[in-house]
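A look at the structure
Here is what each chain is made of, one letter per residue.
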Amino acid sequence: MAFFQPPPSLGNQFDEDRVLRSYLARVLPDDARHDIAPALSELGALAAGELYQLQAADRLNEPVLTPWDPWGNRVDHIEVTALWKRAAVIAAEYGLVAVAYERRHGALSRIDQFARVHLFNPSTDVYSCPLAMTDGAARTLSLHNNSNITGRALPHLTSRDPAQMWTSGQWMTERTGGSDVGLTETVARRDDDGTWRLHGTKWFSSATTSQMALTLARPEGNPPGGRGLALFYVETHDAAGKLQRIGVNRLKDKLGTRKVPTAELTLDGTPALAVTGLNDGIRAISPMLNITRTWNAVCASSLMRRSVALARDYARRRRAFGAPLSEKPLHLDTLAGLQAEAEAAFHLTFRAVELLGRDESGEATEDDGHLLRLVTPLVKLTTGRQAVQVTSEAIECFGGAGYVEDTGLPTLLRDAQVLPIWEGTTNVLSLDALKAMGQTAAVTALRAEVAGLAASVRDPALVEVSRVAVKSVDRALETARGHIASAASGIEGLARLEADARRIALTLGRSLALALLARHADWSLAHENDPRARAAALRFARNGVDLLGASPDLDDARMLAMDEA
Ligand SMILES: Cc1cc2nc3c(=O)[nH]c(=O)nc-3n(C[C@H](O)[C@H](O)[C@H](O)COP(=O)(O)OP(=O)(O)OC[C@H]3O[C@@H](n4cnc5c(N)ncnc54)[C@H](O)[C@@H]3O)c2cc1C
């Protein structure tokens, strides 16, 4: 008999997700949990069934740009893949954006929404990208409440009717920079009739098929730098369905996210409306970034879960040296390490989700607000890095099969690799976290959060790892404080602070994740008699949360980095 390897398979992704189910049991009242369970169960079935099959069938398809029609007209039409078209319908029907604005469960609505996203994301080829920006745009427009714009766009962005739902782009990155958007070159000129028109090139536009976008441009005559930029609202098509003086120059040929039609755009007099005033655009668009960064973390954590779920299933099916991999101590040790990372990432991410929900519904305390400001970059950067490491290791768990394209597995790693890049790279967000730490109240709130979590734990081993979390946070804050004090007395201190920013931020992110995981594990032991989260917390602590070490010598770093003696 010839040997054939049974592939990994997935069951209902809600039923099988112990971590999500246990979390919801802790944080949601019974009525809310029962209310949302049918939708989650349906999404869990879609994620393992129709969408998963469509993902495999659609594997080789990519978006196609048609610049010209047969009669010589410039059309710049982008045809997206079959899975994306189906994902758009399901996203609307299941309220993947709408749920957050309907607020059926008050401050807990964000948990409902992101539980749906967590199930939907790994089977939908990064359709989460336009949805994240849509949610970000809805939040931004709600906050600025410009009646002309919000009244028109918000009902579309938050619609549950697939025929009515719009998605939104976020056009920030230009050739001059995605991190340093103060260098934006796009200019806004006012016509005689008062219409603003945008002229410039947007270098990365992912939601290119969206009906609208929020973007930055410099009103003519404004000063250089971020303060001189304004936030504009653009409708991409006119009433006849024609692009409004927007040229799609080409689609990017990318490492991953290959189903996302990321394009380079030329704006050649694109009509636009100023959303709120004619300067301070970076500040005005920042609510959008907080939302997209939260989506990024949910996508990172759900992609980690999917990778581990597939690797776990495969371990039962694949035999080597006379036994299934699931009986090999070293393979089990590898999987355990991955599960712990995924589990910690989940609890870290959903803490940010909880804070966001409280903030939006007016239930956040002042401390919650400070915590949210600091936790948002920490959660995004921590989970983004974890996702790359976990998906890479998970692929190795399949041996050669993990490297073969038609297993569908390599896509996990390719799609994970964007998570630490877009919406702010790890370094840029580490610096942003330092900026947030400039507010003493944010530091106090984080310290109190971790200490409070640790104090609530009863199981002796969990008490021990919670102490590790508190100690690591203290060390990171102490390091930052030391650098800040010496920065006040010279440029060298500032350089040290920047050089250590990533180690400080990752230590804070991982320590908070550990404290949250330990608190949940303690609850799960007491209420579910389930020791698995406890094992995850102990393993995550063992994986390491304190990444500080001694601060490296700056001159050595410069010498090594640039290979100059
Ligand atoms: C697939 C994909 C889709 C995208 N879609 C969109 C989109 O829809 N809309 C949009 O606006 N943008 C989009 N982007 C752009 C993305 O947001 C930017 O690429 C990202 O923010 C980084 O900016 P950059 O490319 O200019 O990198 P740079 O800013 O040039 O960064 C290069 C390196 O320098 C580091 N760095 C930068 N500044 C500092 C500093 N001060 N200290 C230390 N290190 C630093 C960074 O961490 C990075 O490692 C997309 C990108 C990708 C890959």
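Here goes a summary of the coordinates provided.

Cut-offs used in this document
- Residues numbered from 1 in each chain as written.
- Predicted model: local features only at pLDDT ≥ 70, side-chain atom pairs only at ≥ 80, totals over all residues.
- Heavy atoms only, no water.
- Salt bridge = Lys/Arg side-chain N within 4 Å of Asp/Glu carboxyl O.
- Helix = DSSP H or I, 4+ residues; strand = E, 2+ residues; numbered from the N terminus.
- Buried < 20%, exposed > 50% of the residue type's maximum accessible area, 1.4 Å probe, protein only.
- 1 Å grid on protein atoms, 1.4 Å probe; cavity = no way out; pocket = protein on both sides within 12 Å on 5 of 7 lines; lining within 4 Å.
- Points joined across faces, edges and corners; volume = space filled by probe spheres on them.
- Phe/Tyr/Trp six-rings, centres within 6.5 Å; stacked < 30°, edge-to-face > 60°.
- Lys NZ or Arg CZ within 6 Å of the ring centre and 35° of its normal.
- Near = heavy atom within 4 Å.
- Polar contact = N/O pair within 3.5 Å; in protein donor to acceptor, adjacent residues only side chain to side chain.
- Areas by Shrake-Rupley, 256 points an atom, 1.4 Å probe, with all protein chains shown as cover.
- Nonpolar A, V, L, I, M, F, W, Y, C, P; charged D, E, K, R; others polar.
- Pairing = 2+ DSSP bridges.
- Contact = heavy atoms within 4.5 Å.
- Disulfide = S-S within 2.5 Å.
- Axes fitted to C-alpha atoms, helices over the stretch in contact; angles between N-to-C directions.
- Parallel < 35°, antiparallel > 145°, perpendicular 65-115°, else oblique.
- Left-handed = near helix turned anticlockwise from the far one by under 90°.
- Core = buried A, V, L, I, M, F, W, Y, C linked by side-chain atoms within 4.5 Å.

A pair can form between side chains of opposite charge whenever their charged atoms are brought close. Taken as a whole and assessed by the stated rule, the structure comprises 41 salt bridges. The closest approach of N and O atoms between arginine 227 and aspartate 280, which form a salt bridge, is 2.7 Å. Taken together, the residues span a long stretch of sequence, with arginine 227 in the loop between strand 6 (212-219) and strand 7 (230-235) and aspartate 280 in the loop between strand 9 (263-274) and helix 9 (281-317) at a distance of 53 residues. A relative accessible area of 21% places aspartate 280 in the partly exposed class. The partner of arginine 351 in a salt bridge is glutamate 449, and the shortest N-O contact between them spans 2.7 Å. Placement of arginine 351 in helix 10 (residues 329-360) and of glutamate 449 in helix 14 (residues 440-455) is noted, with a sequence separation of 98 residues between them. Here the salt bridges do not stand alone but share partners, grouping Arg110, Asp135, Arg139, Asp359 and Glu360 into one network.

With that settled, consider the layout of surface pockets. Its boundaries defined by the atoms lining it, the second largest pocket holds a volume of some 960 Å³. Taken together, 44 residues line the second largest pocket, and the ones lying closest to its centre are Gln55, Asp125, Gly408, Thr411 and Leu412. Residue assignment for the lining of the second largest pocket shows that the elements contributing at least two residues are helix 3 (50-57), helix 7 (128-144), helix 9 and helix 12 (410-416).

Under the criterion given, the structure shown has 7 aromatic pairs. With a centroid separation of 5.3 Å and 80 degrees between ring planes, the pair formed by tyrosine 23 and phenylalanine 346 is classed as edge-to-face. With tyrosine 23 in helix 1 (residues 18-27) and phenylalanine 346 in helix 10, the pair connects residues that are 323 residues apart, well separated along the chain. The two residues tyrosine 23 and phenylalanine 346 agree in class, both being buried. Pairing phenylalanine 114 with tryptophan 295 gives two aromatic rings, centres 5.5 Å apart and planes at 75 degrees, and the pair type is edge-to-face. Here phenylalanine 114 is found in helix 6 (residues 109-120), whereas its partner tryptophan 295 is found in helix 9, with 181 residues between them in sequence. Residue classification places phenylalanine 114 among the buried residues on the basis of a relative accessible area of 0%. Taken together, the ring pairs in this structure connect Tyr23, Phe346 and Phe350 into an aromatic cluster. Directly above the ring of tryptophan 68 sits arginine 74, whose terminal nitrogen or CZ lies 5.3 Å from the centroid. The cationic tip of lysine 252 hangs over the ring face of tryptophan 203; the distance from NZ or CZ to the ring centre is 3.7 Å.

Following the criterion strictly, the structure yields 3 cavities of 30 Å³ or more and no others. As a volume, the largest cavity reaches approximately 70 Å³. Residue lining of the largest cavity: Asp17, Val19, His118, Ser301, Arg305, Gln339, Ala342, Glu343 and Phe346, and that is the complete set. Looking at the lining of the largest cavity, the elements that each hand over two or more residues are helix 9 and helix 10. Examining the composition of the lining of the largest cavity, we find that 4 residues originate from one element, helix 10, more than from any other.

In the vicinity of the ligand, 22 residues are found, and the nearest of them are Gln170, Thr173, Gly178, Ser179 and Thr425. At 3.0 Å from a nitrogen atom of the ligand is found a main-chain nitrogen or oxygen belonging to phenylalanine 204. Here an oxygen atom of the ligand and a side-chain polar atom of threonine 425 are 2.6 Å apart. In the complex, the protein chains occlude 65% of the 980 Å² of accessible area that the ligand would expose alone. Broken down by secondary-structure element, the contributors of at least two residues to the shell around the ligand are strand 3 (168-171), strand 5 (196-205) and helix 13 (426-437). Here the element with the most residues in the shell around the ligand is helix 13; it accounts for 3 residues. Considered class by class, the residues forming the shell around the ligand number 9 nonpolar, 11 polar and 2 charged.

So, about the pairing of strand 7. Counted residue by residue, strand 7 has 6 buried out of 6 residues, so it is predominantly covered. Going residue by residue along strand 7, you find Ala230, Phe232 and Val234 tucked away on one face and Leu231, Tyr233 and Glu235 tucked away on the opposite face as well. For strand 7 and strand 9, the ladder comprises 2 bridges, and the chain directions are antiparallel. From the neighbouring strand, tyrosine 233 faces strand 9, where its bridge partner is leucine 273.

Moving on: the side chain of threonine 186. Here threonine 186 lies in the loop between strand 3 and strand 4 (187-190). Residue contacts for threonine 186: discarding those within four places in its chain leaves Glu174, Leu198, His199, Gly200, Thr201, Lys202, Leu216, Ala217, Arg218 and Leu267.

We now examine the state of the cysteines. Going through the model one piece at a time under the given rule, you end up with 0 disulfides. This cysteine, cysteine 129, is not joined by any disulfide, and cysteine 299 carries the nearest cysteine sulfur, 9.0 Å off. Since its relative accessible area comes to 6%, cysteine 129 is described here as buried. Note on cysteine 299: relative accessible area 8%, which makes it buried.

We now examine the packing of helix 14 against helix 16 (residues 491-528). Interhelical geometry of helix 14 versus helix 16 gives an angle of 30 degrees and a closest axis separation of 9 Å. The orientation of helix 14 with respect to helix 16, classified from their angle, is roughly parallel. Crossing angle aside, the handedness with which helix 14 passes helix 16 is left-handed. Within the contact between the two elements, helix 14 uses Leu446, Glu449, Val450 and Leu453 and helix 16 uses Leu508, Leu512, Ala515, Leu516 and Arg519. Split by residue class, the contact of helix 14 with helix 16 holds 7 nonpolar, no polar and 2 charged.

If you look at the biggest cluster of nonpolar residues, it comprises 112 residues, and the most contacted ones within it are Phe120, Leu131, Met212, Leu214 and Leu419. For this core, the element with the highest residue contribution is helix 9, accounting for 17 residues. Leave out the neighbours within four places in its chain, and phenylalanine 120 touches Leu43, Ala87, Ile90, Ala91, Leu96, Tyr127 and Leu131. Core analysis: the second largest hydrophobic core is formed by 55 residues, Leu434, Leu446, Ala505 and Ala536 among them.

Across the interface, helix 10 lies against helix 16 with an axial gap of 8 Å and an inter-helix angle of 95 degrees. Relative to helix 16, the element helix 10 is oriented roughly perpendicular. Residues Ala340, Glu341, Glu343, Ala344, His347, Leu348 and Arg351 of helix 10 form the contact with helix 16, whose participating residues are Gly509, Arg510, Leu512, Ala513, Leu516, Leu517 and His520. Residues belonging to the contact of helix 10 with helix 16 are distributed by class as follows: 7 nonpolar, 3 polar and 4 charged.

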